[in-house]
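# Breakdown of the fold
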Amino acid sequence: MTEDAPRLNAFPIFMRAQGRTVVVIGDGDEALAKARLLAQSSALLRVVTARPTPALLSWIEANDAEHVRAPYAPDQIEGAVMVFAATGIEALDHRISNDARAAGIPVNAVDRPDLCDFFTPAIVNRAPLAIAIGTEGAGPVLAQIVRARIDRLLSPSLGPLATLANTFRDAAERLLPKGSPRRRFWNEFFTGAPARALEAGNAASARQAATELLARSTATRGHVALVGAGPGAEDLLTLRAQRLLMDADAIVFDALVPDAVVAMGRRDAERLPVGKRKGCHSKSQAEINALLIDLGNSGKRVVRLKSGDPLVFGRAGEEMAALRDAGVSYEVVPGVTAAFAAAADFELPLTLRGVSSSMVFTTGHDLKGGTLPDWASLAISGATVAVYMGRSVAADVAARLIDAGLPSDTAVAVVENASLPTRRRFHGTLADLPSLESRADLTGPVMTVIGDAVAGANFEHSTPLAAHRQVAPAEHQGTDA
Ligand code: SAH
């Protein structure tokens with residue numbers, strides 16, 4: 001609430017009344033009105049009236065209230081939790097108010113705000129649910145109008161529903177983790193099957209429905225979905241990924257996942273970036289694992305968004321192992337990996353009858369070691385090679401493959417920002433590949449595809465790689481190192 005929001009001069013509270021004495025003093029209609037109001041509670045009602053009107057007298061008798069048939073005396077209010085002065089005589093109301101205050105008992109004097117410690121609200125009663133409407137005495141008629149409106153709005157079955165809720169409260173607190181699982185249970189309780197059964201007047205089936213709901217809710221703990229966000233274009237997201245995003249309580253995402261995809265999540269989902277992005281601190285893998293476990297254990301539906309396919313160079317293996325060890329359930333939703341997006345952008349057949357019958361997805365980083373990895377021989381025997389994170393090792397990749405016997409005129413296709421409107425395509429041969437390393441203008445993610453099958457691609461929208469060979473080496477930057 002802001003500083004200058006209007007302030008209440010009387011603050012609403014609910015006073016414990018069960019088994020406690022409340023005293024009403026007065027002979028006529030005002031006393032009767034207060035007695036009636038108080039009879040909506042389980043307070044022990046004492047009416048002090050020496051000369052009750054016939055209406056008041058018969059109400060007292062019919063409602064089993066305690067009748068003190070004597071003029072007002074201070075000992076009549078001893079031990080009371082509330083006192084109502086409704087004598088209609090100013091001096092007497094004054095005395096009562098003073099006595100009550102001296103005894104530390106909150107007092108209300110009908111139509112005399114100065115003598116009141118509290119005001120009585122208009123009440124919508126769906127016990128144990130109560131709505132109290134107050135106007136600080138400014139508009140009793142307004143309070144009645146509002147009361148009537150609210151009364152029409154709320155089903156009479158809300159009372160029994162709240163009573164039923166009370167009998168489930170302990171179990172829900174014991175069995176459901178605090179936060180969204182418990183909130184979801186109560187939401188469903190108050191709007192779903194239990195509410196509908198009571199609305200139809202069927203208390204037994206409402207209890208049954210609530211029991212089943214609790215059993216179902218305890219079975220559903222937190223869950224993490226490792227979801228492939230695809231190469232960047234929003235419409236390359238799978239329908240399953242979209243559904244999970246729209247149901248998510250928390251979305252944990254990498255730097256390469258575009259904002260537009262993150263934005264497709266449920267509006268009030270927590271959004272947690274964990275990758276390096278424009279100077280933001282990135283989390284270590286151990287921190288990410290711990291975060292996923294925490295979110296899962298707190299009962300959240302978590303979407304762990306990774307670019308492309310989550311199982312391709314996404315460190316999903318470590319995350320899955322950590323979740324398994326922690327006993328957090330998880331699932332994997334595949335996505336379109338960058339190599340496929342790159343191939344599509346070039347209309348490049350990754351397998352080509354008679355030319356290439358296998359594919360290698362690699363980072364190229366293992367080419368830096370002393371021994372040639374197995375995939376180099378696969379490349380030589382015709383496999384199509386897709387190099388992830390390969391920009392900074394382009395020269396090594398080319399040199400080692402040529403050393404190993406791959407002809408230096410083997411076709412190469414390179415795409416930056418595959419699938420996105422900002423994509424840029426380049427083509428050349430293995431001999432041109434080292435030029436990639438010195439291209440400072442490539443700031444987006446870059447995918448390189450090498451092999452004879454690449455020769456079958458469509459280079460109509462692509463620039464020759466060699467054209468940039470002469471560009472001076474610049475500092476390495478971007479996401480592709
Ligand atoms: N799991 C991801 C790969 C993550 S590794 C996937 O399946 O695609 C990151 C590397 O993927 C980048 O360095 C780049 O080589 C490649 N990459 C991701 N998105 C790309 C895109 N839109 N265009 C080109 N390469 C991309």
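Quick caveat: nothing in here was measured; it's all calculated off a predicted structure.

### Examining the overall build of the protein chain
Regarding its fold elements, the protein chain presents 15 helices and 18 strands. Taken against the 2.2 N^0.38 rule, which gives 23 Å for 481 residues, the C-alpha radius of gyration of the protein chain at 38 Å runs more than 25% over that of a compact globule. For the protein chain, the residues scored as buried account for 44% of the 481 residues in total. Counting contacts in the protein chain only where the partners sit at least 6 residues apart, residues at least 24 apart contribute 64% of the total. Only carbon and sulfur atoms are counted for the fraction: they give 54% of the accessible area of the protein chain, which is about 24,800 Å².

### Let's talk about the side chain of Thr 448
Looking at the element boundaries, Thr 448 is found in strand E17 (residues 446-450). Among the residues examined, Thr 448 registers a relative accessible area of 3% and is labelled buried. Those residues in contact with Thr 448 that sit more than four places away from it in its chain are Val 385, Ala 386, Val 387, Val 412, Ala 413, Val 414, Leu 433 and Leu 436.

### Here's the deal with the site of the ligand
Near the ligand lie 18 residues; those nearest to it are Asp 309, Val 312, Thr 337, Ala 418 and Val 446. Val 312 is positioned such that a nitrogen or oxygen atom in its backbone is 2.6 Å from a nitrogen atom of the ligand. Notes on the ligand: free accessible area 540 Å², of which the protein chains cover 95%. A per-class count over the shell around the ligand returns twelve nonpolar, four polar and two charged. When residues of the shell around the ligand are assigned to domains, at least three map to each of domain 4 (223-336) and domain 5 (339-478).

### Focus: the packing of aromatic side chains
All told, the structure shown has eleven aromatic pairs when counted by the stated rule. Look at Phe 84 and Phe 118: their rings are 5.5 Å apart centre to centre, the planes differ by 85°, and that puts the pair in the edge-to-face class. In this pair, Phe 84 is assigned in strand E4 (residues 82-85) and Phe 118 in the loop between strand E5 (107-109) and strand E6 (122-126), connecting sequence segments 34 residues apart. Taking relative accessible area as the criterion, Phe 118 reaches 18% and is therefore assigned buried. Residue placement shows Arg 169 over the ring face of Trp 186; its charged tip is 4.6 Å from the ring centre.

### What to know about the UniProt feature "domain: Sirohaem synthase dimerisation" (unreviewed entry) in the protein chain
Residues annotated in UniProt with the feature "domain: Sirohaem synthase dimerisation" (unreviewed entry) correspond here to residues 157-214. Between the end C-alpha atoms of residues 157-214 there is a gap of 20 Å, over a span that is 84% helix and 0% strand.

### A look at the packing of helix H1 (residues 29-38) against helix H2 (residues 54-62)
Between H1 and H2, the least distance of the axes is 9 Å, while the angle of their chain directions is 25°. Considering their axes alone, H1 and H2 lie roughly parallel with respect to each other. In this structure, H1 crosses over H2, and the sense of that crossing is left-handed. Two secondary-structure elements touch here, H1 through Ala 31, Leu 32, Ala 35 and Arg 36 and H2 through Ala 55, Leu 56 and Trp 59. In terms of residue class, the contact of H1 with H2 is built from six nonpolar, no polar and one charged.

### Let's talk about the domain arrangement of the protein chain
The domain boundaries assigned to the protein chain delineate domain 1 (8-120), domain 2 (123-147), domain 3 (158-217), domain 4 (223-336) and domain 5 (339-478). In this structure, domain 1 and domain 5 have C-alpha centres spaced 89 Å apart.

### Let's talk about the sheet that holds strand E10 (residues 270-273)
With parallel pairing, the five strands of this open sheet are ordered in space as E10-E9-E11-E8-E12. Of all strands in the sheet, those with a lone pairing partner are E10 and strand E12 (329-333), marking the two edges. In this sheet, adjacent strand axes meet at a mean angle of 20° when their direction is disregarded. Bridge analysis of strand E9 (residues 250-253) against E10 gives four bridges, and the strand direction is parallel. Bridge pairing links Phe 253 to Pro 273 in E10. Contacts from helix H9 (residues 239-247) reach strand E8 (223-228), E9, strand E11 (301-306) and E12 within the one sheet, and its direction differs from that of E12 by about 140°.

### Comments concerning the nonpolar core
Counting 23 residues, the largest nonpolar core has Leu 401, Val 414, Leu 430, Leu 433, Leu 436 and Ile 450 as its most contacted members. Once residues lying within four places of it in the same chain are set aside, the contact partners of Leu 401 are Trp 375, Ala 376, Ala 379, Leu 406, Leu 430 and Ile 450. One finds Val 22, Val 24, Leu 32 and Phe 118 within the second-largest nonpolar core, a separate group that totals 20 residues.

### Here's the deal with the sheet that holds strand E18 (residues 463-464)
Pairing is mixed across the open sheet formed by six strands, whose spatial order is E13-E14-E17-E15-E16-E18. The strands lining the two open edges of the sheet, one partner per strand, are strand E13 (359-362) and E18.

### Quick look at helix H12 (residues 316-326)
Listed in full, the buried residues belonging to H12 are Ala 316, Glu 319, Met 320, Ala 322 and Leu 323. The buried side chains of H12 occupy one side of the element, clustering within an arc of 160° when seen end-on. Of the exposed residues in H12, those oriented more than 90 degrees away from the buried face are Arg 324 and Asp 325. For H12, the elements touching its buried residues are E8, helix H11 (285-297), E11 and E12. Note on H12: the residue one or two positions beyond its end, Gly 327, has a positive phi of about 75°.

### As for the UniProt feature "domain: Siroheme synthase central" (unreviewed entry) in the protein chain
UniProt feature "domain: Siroheme synthase central" (unreviewed entry): in the numbering of this structure it lies at residues 128-152. Split by type, residues 128-152 is 52% helix and 20% strand. Its first and last C-alpha atoms lie 18 Å apart.

### Some thoughts on the environment of Ala 100
Tracing the chain through its elements places Ala 100 in helix H3 (residues 90-102). In the structure, Ala 100 is positioned 31 residues away from Ile 131 in sequence and 27 Å away in space, judged by C-alpha atoms.

How each quantity is defined
- Residues numbered from 1 in each chain as written.
- Predicted model: local features only at pLDDT ≥ 70, side-chain atom pairs only at ≥ 80, totals over all residues.
- Heavy atoms only, no water.
- Helix = DSSP H or I, 4+ residues; strand = E, 2+ residues; numbered from the N terminus.
- Rg over C-alpha atoms; globule rule 2.2 N^0.38 Å.
- Buried < 20%, exposed > 50% of the residue type's maximum accessible area, 1.4 Å probe, protein only.
- Contact = heavy atoms within 4.5 Å.
- Areas by Shrake-Rupley, 256 points an atom, 1.4 Å probe, with all protein chains shown as cover.
- Near = heavy atom within 4 Å.
- Polar contact = N/O pair within 3.5 Å; in protein donor to acceptor, adjacent residues only side chain to side chain.
- Nonpolar A, V, L, I, M, F, W, Y, C, P; charged D, E, K, R; others polar.
- Domains from an automatic or database assignment.
- Phe/Tyr/Trp six-rings, centres within 6.5 Å; stacked < 30°, edge-to-face > 60°.
- Lys NZ or Arg CZ within 6 Å of the ring centre and 35° of its normal.
- UniProt positions renumbered as here; feature names shortened; annotations may be inferred.
- Axes fitted to C-alpha atoms, helices over the stretch in contact; angles between N-to-C directions.
- Parallel < 35°, antiparallel > 145°, perpendicular 65-115°, else oblique.
- Left-handed = near helix turned anticlockwise from the far one by under 90°.
- Pairing = 2+ DSSP bridges.
- Core = buried A, V, L, I, M, F, W, Y, C linked by side-chain atoms within 4.5 Å.
- Arc of directions from axis to C-beta.

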